[in-house]
Amino acid sequence: MRILLTNDDGINAPGMAVLEAIAARLSDDVTVCAPAEENSGAGHSLTLHMPVRLREHGGRRYSVTGTPTDSVNLGLSKLFAGGKPDLIISGINNGENLADDVTYSGTISAAMEGALAGIPAIALSQATRDRGHGFAAAEAWAEKVLRPLLDMQMAKRTVINVNFPALPAEEVRGIRVTRQGFHDYSRGSVVEGVDPRGRPYYWFGLEDVEHTLDHGTDLEAVNDGYISITPLQLDLTHHAAIGALAERFA
Ligand code: MN
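I will try to describe carefully the structure that is included in this document. (Residues numbered from 1 in each chain as written. Predicted model: local features only at pLDDT ≥ 70, side-chain atom pairs only at ≥ 80, totals over all residues. Heavy atoms only, no water.)

### Comments concerning the side chain of glutamate 220
Here is step 1: Locating glutamate 220 in the fold gives a position in helix α6 (residues 218-223).
Here is step 2: Within the structure, glutamate 220 has its side chain in polar contact with the backbone nitrogen of glycine 216 (distance 3.0 Å). (Helix = DSSP H or I, 4+ residues; strand = E, 2+ residues; numbered from the N terminus. Polar contact = N/O pair within 3.5 Å; in protein donor to acceptor, adjacent residues only side chain to side chain.)

In structure tokens, the structure reads:
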């Protein structure tokens, strides 16, 4: 099985090393193609206004001077010219990707790029919440999560979004298949400062948000100490609204 690994935290991120160790237990044909620098929050962006470079680091490891989406794109066209990989795994993200995070997430967008190319794609994220457990839950549980998915026929244009709770491995309560939740509206903080030339700047911060934990959601599962597995689809159409909208324009 040929596996392509990517992420949005950059090729040198600790979560990539964890993911490489896990992937090595699943296959001996693993390629890494990830952004050279951290790209968290890059979403599904493509670099269109400047060239990008593909750098070889040895041992089938490559970095791209661009976004997670660039990395998957370039990896597929330059490193897999002879045929697509069988699986793309994106992560392991340093931090959760739950609820509306999925639209900001470079981790999930990289997996989406794989799904668009017709490749089964899984995004892995480790909730951290500064609790000091690092990637322990993901390290201990990722193989249990991934093995049942390997021979599964995934629907086209879908991504499996996996989040590990911020717990020591032995305190993880199990695995729940969930639906996407929604954050109570909050955009975190905006810090204002003045640069060395006297001009104001703004810096977005992210904080934990208190949530209304709807039953069956990814937010609830991770909050309850479970690993959350959510199937996401790229079709963002709100199908139920098509009828009412069409009537307005009839
Ligand atoms: Mn990230």
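### Some remarks on the packing of helix α1 (residues 14-26) against helix α5 (residues 136-150)
Here is step 1: Packing of α1 against α5 leaves a shortest axis separation of 10 Å and a crossing angle of 45°. Relative to α5, α1 is oriented oblique. Note that α1 runs across α5; the crossing there is right-handed. Between α1, through Val18, Ile22, Arg25 and Leu26, and α5, the contact on the second element is made entirely by Ala138, Glu139, Ala142, Glu143, Leu146, Arg147 and Leu150. (Axes fitted to C-alpha atoms, helices over the stretch in contact; angles between N-to-C directions. Parallel < 35°, antiparallel > 145°, perpendicular 65-115°, else oblique. Left-handed = near helix turned anticlockwise from the far one by under 90°. Contact = heavy atoms within 4.5 Å.)

### Some points on the coordination of the manganese ion
Here is step 1: All of the protein donors around the manganese ion are Asp8 (OD), Asp9 (OD), Ser40 (OG) and Asn93 (OD1); their distances to the metal are 2.1 to 2.2 Å.
Here is step 2: All donors to the manganese ion come from one chain, and their sequence spacing reads D-D-x30-S-x52-N. Here aspartate 9 is found in the loop between β1 (2-6) and α1, whereas its partner asparagine 93 is found in strand β5 (residues 87-94), with 84 residues between them in sequence. No difference in accessibility class separates aspartate 9 from asparagine 93, as the two residues are buried. (Donors = N, O, S within 2.8 Å, 3.2 Å for Na, K, Ca; no water. Buried < 20%, exposed > 50% of the residue type's maximum accessible area, 1.4 Å probe, protein only.)

### Quick notes on the sheet that holds strand β7 (residues 158-164)
Here is step 1: Sheet architecture is open: nine strands sit in the order β3-β4-β2-β1-β5-β6-β7-β11-β8, paired in mixed fashion. Whereas interior strands pair on both sides, the edge strands pair on one side only; in this sheet they are β3 (54-56) and β8 (174-177). Looking at each pair of strands side by side, their axes are set apart by 20° on average, direction ignored.
Here is step 2: Bridge count for β1 against strand β2 (residues 29-35) is four bridges, and the pairing is parallel. Pairing of isoleucine 3 across the sheet is with valine 30, part of β2.
Here is step 3: Seen against the sheet, α1 touches β1, β2, β4 (61-64), β5 and β6 (121-126) and runs at an angle of roughly 145° to β5.
Here is step 4: The sheet contacts of α5 involve β5, β6, β7, β8 and β11 (226-233), and relative to β7 the element is tilted by about 150°. (Pairing = 2+ DSSP bridges.)

### Considerations on unusual backbone geometry
Here is step 1: The step from glycine 91 to isoleucine 92 runs through a cis peptide bond, and the omega angle for that step is -10°.
Here is step 2: Considering the arrangement of structural elements, one finds isoleucine 92 in strand β5.
Here is step 3: A positive phi angle, close to 55°, is found at arginine 60, a residue other than glycine.
Here is step 4: Here arginine 60 shows up in the loop between β3 and β4.
Here is step 5: Positioned with a positive phi, arginine 157 is a non-glycine residue whose angle comes to about 55°.

### Observations concerning a nonpolar patch on the surface
Here is step 1: A cluster of nonpolar side chains, contributed by Val190, Tyr202 and Phe204, occupies part of the molecular surface with about 380 Å² of accessible area.
Here is step 2: Mapped onto the elements, valine 190 comes out in strand β9 (residues 190-194). (Patch = residues over 30% accessible without salt bridge, like charges linked within 9 Å, V, L, I, M, F, W, Y side chains within 5 Å. Areas by Shrake-Rupley, 256 points an atom, 1.4 Å probe, with all protein chains shown as cover. Salt bridge = Lys/Arg side-chain N within 4 Å of Asp/Glu carboxyl O.)

### Digging into helix α4 (residues 106-116)
Here is step 1: Of all 11 residues that make up α4, 10 are buried, and the element is covered over most of its length.
Here is step 2: Taken together, the buried positions of α4 are occupied by Gly106, Thr107, Ile108, Ser109, Ala110, Ala111, Met112, Glu113, Gly114 and Ala115.
Here is step 3: Where α4 ends, the next residue or the one after it, glycine 118, has phi of about 85°, a positive value.

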